[in-house]
Amino acid sequence: MNEYNFAYLDEQTKRMIRRAILKGLAVPGYQVPFASREMPMPYGWGTGGVQVSAAILTPEDRFKVIDQGADDTTNAVSIRKFFEKTAGIATTEKTARASVIQTRHRIPEARLREDQIIVYQVPIPEPLRFLEPRETETRKMHSLEEYGMMHVKLYEDISQHGAISTAYAYPVKVSGRYVMDPSPIPKFDNPKLEMDAIQLFGAGREQRIYAVPPHTRIVSLDFEDYTFEATKAEHSCDLCGAGDSYLDEVIMDDAGNRMFVCSDTDYCRSRRSAGHVGRLGEESAA
Amino acid sequence: MYVAVKGGEKAIENAHAWMAEERRGSPDVEELSLPQIREQLGLAVNRVMAEGSMYDPDLAALAIKQARGDLIEAIFLIRAYRTTLPRFGCSCPVNTADMACDRRISATFKDAPGGQVLGPTFDYTHRLLDFKLAADGDVPLAPEGVPRQEATPHIMQFLKGEDLIQDEPETDAAPGDLTREPMEFPTTRPLRLQSLTRGDEGFVLGMAYSTQRGYARNHAFVGELRIGTVAVEMDIPELGFSIEIGDIELTECETVNQFKGSKTEPPQFTRGYGLVFGQSERKAIAMALVDRALRWKELGEDDQGAPAQDEEFVLSHSDNIQATGFLEHIKLPHYVDFQSELELIRKLRREAQDLAKSKGAAE
Amino acid sequence: MTAGSQFMGGFRDAPIDAAHAFRAAMTVMARPGEIRQLVGATPPTPLSVAAGTLLLTLCDPDTGVHLAGEFDTLQVREWLTFHTGAPIVKAPKADFAIGRWKDLMPLIEFRIGTPEYPDRSATVIVETPGLLPRGALLRGPGIKDTARLSLPDVPALQANARLYPLGCDFFFTCGDTIAALPRSTQIEAET
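So, a few notes on the structure that sits alongside this text. (Residues numbered from 1 in each chain as written. Chains lettered and ligands numbered in written order. Predicted model: local features only at pLDDT ≥ 70, side-chain atom pairs only at ≥ 80, totals over all residues. Heavy atoms only, no water.)

1. Some thoughts on the overall build of chain A
- From N to C terminus, chain A includes seven helices and 12 strands.
- For a compact globule of 286 residues, the expected C-alpha radius of gyration is about 19 Å, and chain A comes in at 19 Å, within 12% of that figure.
- In terms of principal-axis extent, the alpha carbons of chain A reach across some 60 × 55 × 35 Å.
- For chain A, the proportion of its 286 residues judged to be buried stands at 64%.
- Restricting to contacts in chain A with at least 6 residues of sequence separation, those with at least 24 account for 63%.
- Counting only carbon and sulfur atoms, one obtains 48% of the accessible surface of chain A, whose full area is about 10000 Å².
- Both charge centroids of chain A, one from 35 positive and one from 42 negative side chains, sit 6 Å from each other. (Helix = DSSP H or I, 4+ residues; strand = E, 2+ residues; numbered from the N terminus. Rg over C-alpha atoms; globule rule 2.2 N^0.38 Å. Buried < 20%, exposed > 50% of the residue type's maximum accessible area, 1.4 Å probe, protein only. Contact = heavy atoms within 4.5 Å. Areas by Shrake-Rupley, 256 points an atom, 1.4 Å probe, with all protein chains shown as cover. Lys, Arg positive; Asp, Glu negative; His and termini not counted. Charge placed at Lys NZ, Arg CZ, Asp CG, Glu CD.)

This is the structure:
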């Protein structure tokens with residue numbers, strides 16, 4: 001293969017990360033501090049996810065990387081190539097064929113299975129950070145299960161705007177205990193957080209790992225009179241016609257015409273190959 | 001049309017090839033060699049070693065060349081390399097009292113044993129562009145003196161005799177290592193100093209400057225600034241004694257700061273400490289000022305709410321590799337988050353308009 | 001065990017063996033009650049293959065290991081030191097502990113983490129004579145509806161779960177099989 005250790009990281013670093021992952025699984029939603037290493041890619045570009053993936057991958061894995069739901073966005077390509085080079089593993093763009101999926105900002109549309117693992121890249125793991133910038137304070141708040149401030153913030157939104165104005169990185173309560181940042185996924189994806197696969201979250205710059213085991217109860221924070229709503233653009237995909245997928249809005253011309261397309265490129269492609277056609281589907285296939 | 005937003009592998013490859021070409025610049029101009037960078041851009045090399053936390057002038061020179069002179073990018077290359085190196089052990093503490101000083105000045109005493117040695121400094125140069133350097137001018141050799149044989153004592157020890165400066169507690173405890181354990185607040189002075197010495201020079205400078213302008217002013221004098229080489233020794237358990245593994249160049253700064261005394265301590269001077277790889281005196285002085293400002297709690301001083309007194313704030317934001325990574329990541333695609341905000345704003349506007357309409361109809 | 005045998009029985013290809021082993025360990029910790037095979041190391045007796053493999057996968061000079069009861073032998077110490085460099089420590093300092101259930105008692109000796117750092121708790125590896133998907137009823141994160149696992153001491157493990165989010169986490173090993181019980185699992189005795 002090459003001069004790197006399998007999956008780049010040295011074994012001692014992997015052990016340190018693996019121990020953090022186990023503690024994270026044992027206390028779902030709690031952010032475990034770990035001695036994040038400097039990776040050969042910048043902080044903020046997925047170093048946390050990359051370190052978690054490096055610690056869990058085996059040579060038999062089939063690895064998929066998405067950014068914004070797409071396999072061919074530049075940073076996804078770059079991370080996929082990194083693991084092809086340093087771990088020599090097989091990669092795929094098909095969600096169903098992947099055993100490990102590293103993602104930034106999306107959960108795939110297809111339901112993940114028991115035998116799959118999803119690794120999230122996390123920029124700011126602390127859901128309370130924008131209410132209280134101090135780690136010393138937020139740590140105390142988690143220990144005391146003191147989340148009133150978060151509810152106050154959400155409620156202030158409602159009184160000001162008539163709705164909760166958090167559209168992504170929407171906070172959730174994990175198994176009735178810890179409030180967790182699900183990473184900047186759109187709130188459309190929040191209901192999928194209750195899934196059959198293992199979910200691991202890595203924040204490299206902030207040196208935190210957290211986890212959600214399969215079938216863990218995840219509740220998006222809300223109020224009785226203002227319940228959580230998973231929203232998306234009120235359109236169908238213009239390529240595959242899907243009405244149930246999260247959509248990207250693309251500006252098509254100077255006149256400001258738009259099209260809406262699935263952000264999950266594999267979902268869109270597999271629907272199209274199964275014969276589904278959206279409003280502009282044929283035109284684009286031409 | 002839609003396909004155009006897909007970047008992909010080819011775009012990345014082409015971008016990298018273009019960058020490599022730009023790095024080389026015009027092929028009509030001779031290529032820079034690493035020895036040229038190491039010898040002639042020594043202060044850049046020093047900064048890359050200090051903030052990269054790795055003492056290797058040749059690799060630092062390579063990093064500067066590869067980074068096209070972008071020092072933060074060069075520091076990043078060094079950090080990413082450093083983290084892959086196996087750790088064989090820890091050196092013994094270096095003894096800066098044994099430093100072979102190239103430069104040694106004190107602002108607090110006119111003269112002291114060891115003397116004031118200006119050394120190779122920009123101080124007192126007139127900042128006039130030297131057009132002779134634009135041509136390949138030969139530089140006349142500098143006059144040489146007789147090197148001092150005996151050790152140069154630290155200035156601070158002369159204050160210690162009178163008990164005028166606070167004693168630093170001696171300890172044999174192994175300090176933590178911020179590259180091996182996640183930082184936890186409040187932290188300890190050894191970890192603060194580690195963080196500051198690899199912290200961004202501009203950030204540490206700005207923090208230090210803020211203390212001079214009154215944000216937790218602590219009346220610092222440069223008690224001593226020394227630059228020179230020290231031997232690095234390592235204990236070899238198999239041998240039962242320590243051996244010298246090499247020399248490194250260091251800049252050390254000790255500031256003398258006023259302290260009015262507290263309930264438990266008599267009035268005396270206190271100090272701030274800076275120690276940096278290579279000749280990096282701006283950084284070492286700035287580090288000493290920030291170190292002193294961060295010691296307010298230990299010295300029983302007031303929390304003035306100044307940024308430089310705020311350990312979590314200073315240490316969480318001093319690392320330029322963390323900062324630049326996170327800053328620059330906002331150029332990565334964020335269409336998914338942006339789309340969700342877009343939908344939300346549209347929805348809120350629609351509701352506001354509906355509300356205004358129904359109000360208008362009612363009136 | 002003969003002289004020099006502490007050098008034997010390690011991983012043949014450490015990065016790959018450890019990757020496989022960790023995957024099994026992670027899977028059982030994420031799915032309490034699930035039993036998996038765990039192989040890779042050939043440890044000295046009385047260590048099982050699964051427990052020995054787990055120790056090589058997770059322990060190094062940064063982790064204190066407590067050897068309880070009959071597991072505290074010169075051979076086990078030498079083997080563990082040679083392959084992992086982990087310091088051997090007493091129960092209150094342990095990151096990992098290994099032994100039979102009765103020798104690991106009382107659980108109160110082990111670190112359970114602190115309210116601000118619940119992760120700073122011991123992981124206890126219990127060597128059991130049998131490991132079967134029946135017995136105590138388990139519910140909680142990682143479990144779809146319910147699961148069953150043969151547990152050595154339901155009241156003590158229930159007491160540990162009541163400390164949540166503090167508490168110890170457990171691996172149970174038998175031969176080359178492993179299962180786990182994190183502190184987050186609610187346990188009901190078999191009725």
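2. Some words on the sheet that holds strand S9 (residues 186-188) of chain C
All names here are of chain C.
- Spatial strand order, S6-S5-S9: three strands in an open sheet with antiparallel pairing. Sheet topology places strand S6 (147-149) and S9 at the edges, where each strand pairs with a single neighbour. Strand-to-strand, the axes of this sheet are offset by a mean angle of 35 degrees, without reference to chain direction.
- Summarising the sheet, strand S5 (residues 136-139) and S6 pair through three bridges and their orientation is antiparallel. Among the inter-strand pairings, Ala136 is bridged to a residue of S6, identified as Leu149. (Pairing = 2+ DSSP bridges. Axes fitted to C-alpha atoms, helices over the stretch in contact; angles between N-to-C directions.)

3. Considerations on the packing of helix H2 (residues 47-56) of chain A against helix H3 (residues 74-87) of chain A
Residue and element names in this part refer to chain A.
- Close contact between H2 and H3 brings their axes to 12 Å; oriented N to C, the two are set at 30 degrees. Here H2 is positioned roughly parallel relative to H3, judged by the angle of their axes. H3 is crossed by H2, and the crossing has right-handed handedness. The segment H2 lies against H3, with Val50, Ser53 and Ala54 engaging Ile79, Phe82 and Phe83.
- Split into classes, the residues belonging to the contact of H2 with H3 amount to five nonpolar, one polar and no charged. (Parallel < 35°, antiparallel > 145°, perpendicular 65-115°, else oblique. Left-handed = near helix turned anticlockwise from the far one by under 90°. Nonpolar A, V, L, I, M, F, W, Y, C, P; charged D, E, K, R; others polar.)

4. Here we look at the nonpolar core
- Grouped together as the largest cluster of nonpolar side chains are 87 residues, with contacts concentrated most on Ile21, Phe83 and Leu200 of chain A together with Met26 and Phe171 of chain C.
- Sort the elements by how many residues they give to this core and helix H1 (residues 14-30) of chain C lands first, with 11 residues.
- If you look at the next biggest cluster of nonpolar residues, it comprises 28 residues, including Ala94, Leu107, Phe110 and Leu138 of chain C. (Core = buried A, V, L, I, M, F, W, Y, C linked by side-chain atoms within 4.5 Å.)

5. A closer look at the sheet that holds strand S8 (residues 177-181) of chain C
- Read from one edge of the open sheet, six strands run S1-S8-S7-S4-S3-S2 (chain C), paired in mixed fashion. The sheet terminates laterally at strand S1 (36-37) and strand S2 (65-67) of chain C, the two strands that pair on one side only.

6. Examining helix H1 (residues 11-26) of chain A
- Between the first and last C-alpha of H1 of chain A there are 22 Å, a value that for 16 residues agrees with the 22 Å anticipated at 1.5 Å per step.
- Burial of H1 of chain A is extensive: 15 of the 16 residues sit out of reach of the surface. (Expected span 1.5 Å × (residues − 1).)

7. Topic: the packing of aromatic side chains
All names here are of chain A.
- Tallying each qualifying case throughout the model produces 13 aromatic pairs over all chains.
- Consider the rings of Tyr170 and Phe228, whose centres lie 4.8 Å apart with planes at 65 degrees: the pair is edge-to-face. Taken together, the positions of Tyr170 in the loop between helix H5 (148-161) and strand S6 (172-174) and Phe228 in the loop between strand S10 (218-220) and strand S11 (247-251) put the pair 58 residues apart, joining distant regions of the chain.
- We classify Tyr170 as buried; its relative accessible area is 1%.
- Ring centres of Phe201 and Tyr210 lie 4.7 Å apart, and the angle between their planes is 0 degrees; this geometry places the pair in the stacked category. (Phe/Tyr/Trp six-rings, centres within 6.5 Å; stacked < 30°, edge-to-face > 60°.)

8. Digging into the interface of chain A and chain B
- The interface of chain A with chain B comprises 64 residues on the first partner and 46 residues on the second.
- Buried surface at the junction of chain A and chain B, summed over both partners, amounts to about 4500 Å²; 59% is from carbon and sulfur atoms.
- Joining chain A to chain B, the criterion identifies 17 residue pairs in polar contact (both at pLDDT 80 or more).
- Going through the elements one at a time, H3, helix H4 (135-143), S11 and strand S12 (258-262) of chain A are the ones with two or more residues in the side of chain A that touches chain B.
- The class makeup of the residues in the side of chain A that touches chain B is 31 nonpolar, 16 polar and 17 charged. (Buried area = accessible area lost by both parts, 1.4 Å probe. Polar contact = N/O pair within 3.5 Å; in protein donor to acceptor, adjacent residues only side chain to side chain.)

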